[in-house]
Amino acid sequence: MPVAELLQRHAGAWRGATAHPFLAAVRDGSVPVAAFDTWLVQDARFVADLLRFQARLLARAPRPAQAVLAAGAVSLVEELTWFEEQASVRGLDLAAPALPATEAYAALLERLDAADVGTALTALWTIERTYLDAWSHARPGVPAYREFVAHWTVPGFAGYVAGLEAAADAVLGGGVPDEPVFLELVAAETGFWDMAVGSA
Ligand code: MP5
C-alpha cells in the first residue's frame, strides 16, 4: 500500500491536522499575534529536534534514501537560520522553554529511532506532508504572514515531500505502512496547532 493512501483512509484526522483553525486565521489575518509567535518559537524548537531525528535516520538509511535525507538535513540547518532571522525581526526569544506539545513531539521522534527504517521514513514524510498541505490551506495568507505560507508551499518544498514519499514507498516495498504511527503523528501535528491557539 502506497503511503499516500493513508491520507484517504484517514481523511478526517488528516483534515484536523491540515485544515486547522490556526491556518484559516493565518489566511484571513485574524490569528492573534501571540498565538503566531508562540507557534514560531515552538516550531523552531521542533525543527531542531527534527534535525536530530533526521540525522539519526540518515545514519541507518538504505542507499536509495540517503540523497533525499541528506539534502533535507542541509535544508533543516538553513531553516534554523531562517527561524533565527524571523525571531529577531519579531523580537522573540528562541530560548523560551518548550511547551508540553513540543516536548511530547520530541519524545515521539525519539521513540521512532526504535522503529524500522520504512516506518521512520513514513513518519518523516507524514511530518513534511502535513506542513505542505496545512500551509497550502492558508494560501495566500495576509501580507504579514505571506512569507511563512510561501516557505512551505514553494515547488521546491513540494518536490522534497514527493522525494520522501518515493523513498518511503521504495523502502516499504509494497508492504503496509504503520497506521498507528501515522495517526500518532497526525495527532501530534494537530496538538501543535492547538497549543499555539490555546496560548493566545
Ligand atoms: C514541520 C514543522 C515541517 N516545521 N513543524 C511541525 C510541527 N511539523 C512539521 O518540517 P520542516 O522541516 O519545517 O519542513
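If you're wondering where the values come from, they're calculated on a predicted model, not measured in any experiment.

> What am I meant to see in the site of the ligand here?
Among the 13 residues in the neighbourhood of the ligand, the closest are listed as D43, L76, E79, E128 and E189. Starting from 360 Å² of accessible surface for the ligand in isolation, the protein chains cover 98%. Elements supplying a minimum of two residues to the shell around the ligand: helix 4 (33-60), helix 5 (63-90), helix 7 (117-137) and helix 10 (179-199). The leading source of residues in the shell around the ligand is helix 4, at four residues. Across the shell around the ligand, the residue classes break down as nine nonpolar, no polar and four charged.

> Help me understand the nonpolar core, please; the structure alone is not making it clear to me.
Taken as a class, soluble globular proteins show a tendency for nonpolar side chains to be buried jointly. Core analysis: the biggest nonpolar cluster contains 69 residues, and F22, V26, F36, W39, L69, Y105 and W135 have the highest contact counts within it. In this structure W135 touches F22, L23, V26, F36, W39, F148, V149, W152, T153 and W193, once residues within four positions along its chain are discounted.

> Just to check I follow, could you spell out helix 7 for this structure?
Structurally, the α-helix is built with 3.6 residues per turn, so residues lying three or four positions apart point the same way. For helix 7, with 21 residues, the first-to-last C-alpha span of 30 Å sits near the 30 Å given by 1.5 Å per residue. In terms of burial, helix 7 is largely enclosed, as 17 of its 21 residues are buried. Where helix 7 starts, the residue carrying a side-chain oxygen 3.2 Å from the main-chain nitrogen of G118 turns out to be D116.

Definitions and limits used
- Starting from 1, residues in each chain are numbered consecutively following that chain's sequence as written.
- It should be noted that, the model being predicted, local features are given only for residues of pLDDT at least 70 and side-chain atom pairs only at 80 or more, the latter also being counted only at that level, while totals for whole chains, interfaces and linings use all residues.
- To get the side-chain values, all heavy atoms of the structure are used, and hydrogens and water are removed first.
- One heavy atom suffices: a residue is near a molecule or strand as soon as one of its heavy atoms comes within 4 Å of it.
- Computed by Shrake-Rupley with a 1.4 Å probe, the accessible areas treat only the displayed protein chains as cover when residues are assessed.
- Starting at the N terminus, helices and strands are each numbered in turn, a helix being any DSSP run of H or I of at least four residues and a strand any DSSP run of E of at least two.
- Under the grouping applied here, Gly and all other residues not named as nonpolar or charged are polar, the nonpolar ones being Ala, Val, Leu, Ile, Met, Phe, Trp, Tyr, Cys and Pro and the charged ones Asp, Glu, Lys and Arg.
- Buried Ala, Val, Leu, Ile, Met, Phe, Trp, Tyr and Cys residues that are joined via side-chain atoms within 4.5 Å together make up what is termed a nonpolar core.
- Note on exposure labels: buried denotes an accessible area under 20% of the residue type's maximum, exposed denotes more than 50%, and partly exposed covers the range between, all computed with a 1.4 Å probe on protein chains only.
- Should any heavy atoms of two residues lie within 4.5 Å, those residues are considered in contact.
- Take the number of residues in a helix, subtract one, and multiply by 1.5 Å to get its expected span.
- Nitrogen and oxygen atoms within 3.5 Å of one another constitute a polar contact, given that in protein one can donate a hydrogen and the other can accept it, and given that sequence-neighbouring residues count only through two side-chain atoms.

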